[in-house]
Each structure stands twice: as structure tokens, then as C-alpha cells.
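So the chains spell out like this:
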Amino acid sequence: MTATLDRPVKKPTFQGVSGRRRFNDLAARVLVTGSVLLALVPLAWVLVTVVSKGLPALTSPTWFTNSMNGLSASASGGGIYHALIGTLIQGLVCAALSIPLGLFVAVYLVEYAGTSKLGKITTFMVDILSGVPSIVAALFIYALWIATFGFPKSAFAVSLSLVLLMVPVVIRSTEEMLRIVPQDLREASYALGVPKWKTIMRIVVPTALPGIITGVMLALARVLGETAPLLILVGYAPFINFDMFNGEMGSLPGVMVAEMNNPTPAGTDRIWGAALTLIMLIAVLNIAAKAIGHLSRVRSK
């Protein structure tokens, strides 16, 4: 009689990975890695080109301190100060209008809308706005703000058109962040007798705040480089103009458009310098978004 210890062990469930599965896994890794590298090639190419051609303009001592007022097309020198200020003003006004509107709509869709008809219509309209081209938003503001109401072309009209582009991004990002907040937190607050509006303000929104801030900053970075609203709603000015409601205003995309017809080396340097400055501005906003989101997470722990 065979002893118990001499009997064969049970056949293991895991038999190892077959050669065919290893080959398929390796092929998938190669395809995915190759696709990533292929997508990074044009991005790196663009970045290297813009940096190499725009860096000479940024190294000028007057680039960030002077405007181009009084300079001829072929004259070298000048700076981007007026355009940088104009871009920031338009972006800040756009953010001041878009962020509260986007936050309130997102809170309504997540916390109050449910399956109501108004909620479905709002979601549908947000989806439509997400795909609206910038030139369509600019033409709508032109028809409403300028042609119908009779207001002059201005930087404020540009900010209004940028609002149409920024609001759906803010709504979508905020909506996703609010849905990630566990429902248990809301129910625990309700069980303690806290009203719904205070639960949203004190628990739901602070919990989702890091992601909301990141989404808002990314949405702002997206609209700062739009050119169509500038071409339709306001002209380019080579000097500083702080009045949002009257006169032309400089901007970074406006510098590139204005210098496109300038065949001199000075015009080429200004185009690449403005492009690199815009990329740096957007990069700063993205880094700020990551930093603020990280700090918010640390404080919430």
C-alpha cells in the first residue's frame, strides 16, 4: 500500500505562460510603445523648432519690458509686454465669468438634476458647446454683442467668446470630480442633520477641489491661444491698452497674425518669440494647476 506521502502532488493550477501568450504580450508592448514614440516625435519637433527660433527674441533685454509702439516693420527691438498684458487681461475676465457659471452648472447636474428634463437638456447643450469651433463662438458674439446690441469691437467681446469655449470644459471637469466624491460622505452629513447646500459647500466641493482647480486651469490654458475671436472681435494694437470696452488691444496670437505679412527678419523673430512666450505661459498655467492640486490634496489629508 502506497503511503500518503508517496502519492503524487496535486497538479498545480498555474502551468506558466505559454510561448504564444508571451509573444502576444511582447507584440502589444512594442506596438503601444511605438505608437507613443511616434506621437511624441511631432510634438518634440514643434517644441524644439519653436524654442530654437524663438529663444533669440526672449533673450532680448526689452522683450518683456517694452511694447512695439512706434517701431517700423523692419526695425529690430521692441517687446511683447503689451501683448502679454492683453492676453492676461482677456484670460482673467474670461475666467471670472466662466468659473462661477461652470461650477454652479456642474453642481446642479450632479447634485440636483437627477433624471429631470432640464438636466438632460443642460447636458445635451453642454455636449454641443464642447464641440463648437472658436470661429463660431466669435461670430455669435459678433452678431449678438456688436450687431444687435450696438457695442463696439473690444477685448471684452473677445472674453465673452472665450467664455463660450471655456464654460463646457469647466462644467465637464467639475462634474467628473464631483461624481468621484463617495456618496457615503453625503449620507453621513445628511444623517447628522446638515442641510444639502451646506453639505455640498463644506464636504463635496472641498473634497473635489484639487481636481476642480486642475480642470479650471487647463480650460483657461486652452482658450488663451485662440485666434479667431481676436480677428473678428478686436483689432491688434502695438501699444498697451487697459480699457476692455474700447479700442484695440494687443495679444500674443495677435502679434503672430500681425507679423505674418512682415517679410523682414525682425518680423520673423517676433512671430517665433510670441509663439514661444505663449507656450511658456500655457506651461506655467499647467504647472500651477498641478502644484495647486497637489497642495490642496496635502491640506485635505
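Note: the structure precedes this text.
Rules used throughout
- The numbers attached to residues start from 1 for each chain and follow its sequence in the written order.
- Reporting of local features is limited, given that this is a predicted model, to residues whose pLDDT is at least 70; pairs of side-chain atoms are given and counted only at 80 or more, and all residues count toward the totals for whole chains, interfaces and linings.
- Neither water nor hydrogens contribute to the side-chain values; these are computed over all heavy atoms in the structure.
- Axis definition: a line fit to C-alpha positions, over the contact stretch in the case of helices; interaxial angles, taken between N-to-C directions, run 0 to 180 degrees.
- In this text, helices come from DSSP runs of H or I with a minimum length of four residues, and strands from runs of E with a minimum of two, each type numbered from the N-terminal end.
- Geometric relationships in this document are graded by angle, where less than 35 degrees denotes roughly parallel, more than 145 denotes roughly antiparallel, 65 to 115 denotes roughly perpendicular, and other angles denote oblique.
- If you view the pair so one helix is near and one far, a crossing is left-handed when the near helix is turned anticlockwise from the far one by less than a right angle, and right-handed when it is turned clockwise.
- Note on definitions: a residue-residue contact is assigned when non-hydrogen atoms from the two residues lie within 4.5 Å.
- For this classification, the nonpolar set comprises Ala, Val, Leu, Ile, Met, Phe, Trp, Tyr, Cys and Pro, the charged set comprises Asp, Glu, Lys and Arg, and every other residue, Gly included, is treated as polar.
- Take the buried residues of types Ala, Val, Leu, Ile, Met, Phe, Trp, Tyr and Cys, join any two whose side-chain atoms come within 4.5 Å, and each joined set is a nonpolar core.
- The buried label applies to any residue whose accessible area, calculated with a 1.4 Å probe on protein chains only, is under 20% of its type's maximum; exposed applies above 50%, and partly exposed to all values in between.

Asks: Mind showing me how you'd approach the packing of helix α5 (residues 155-180) against helix α7 (residues 196-223) here?
Replies: Look at α5 against α7: their axes get within 8 Å of each other, and the N-to-C directions meet at 150 degrees. Considering the angle they form, α5 stands roughly antiparallel to α7. For the pair α5 and α7, the crossing hand works out as right-handed. Taking contact as the criterion, the partners of Leu 162, Leu 165, Met 166, Val 169, Val 170, Ser 173, Thr 174, Met 177 and Leu 178 in α5 are, on α7, Val 204, Ala 208, Gly 211, Ile 212, Gly 215, Val 216, Ala 219, Leu 220, Arg 222 and Val 223. Class assignment for the residues of the contact of α5 with α7 results in 14 nonpolar, four polar and one charged.

Asks: Hey, could you run me through the nonpolar core in this one?
Replies: Soluble globular proteins tend to bury their nonpolar side chains together. Ile 80, Met 166, Leu 178 and Leu 233 are the most contacted members of the largest nonpolar core, which totals 67 residues. If you list the elements that add at least two residues to this core, you get α1 (19-58), α2 (81-113), α4 (134-148), α5, α7, α8 (228-233), α9 (252-258) and α10 (265-300). If you tally residues by element for this core, the top one is α5, at 13 residues. Excluding residues within four positions of it along the chain, Leu 178 makes contact with Ala 106, Val 107, Val 110, Arg 186, Val 204, Ala 208 and Ile 212.

Asks: Would you take a moment to explain the environment of Asp 25 for this structure?
Replies: As for its position among the elements, Asp 25 is in helix α1. Accessibility expressed as a relative area gives 40% for Asp 25, which makes it partly exposed. Along the chain, Asp 25 and Asp 243 lie 218 residues apart, while their C-alpha atoms are 60 Å from each other.

Asks: Mind showing me how you'd approach the environment of Met 280 here?
Replies: Within the secondary structure layout, Met 280 lies in helix α10. Considering only alpha carbons, one finds Met 280 and Ile 212, 68 residues apart in sequence, at a separation of 22 Å.

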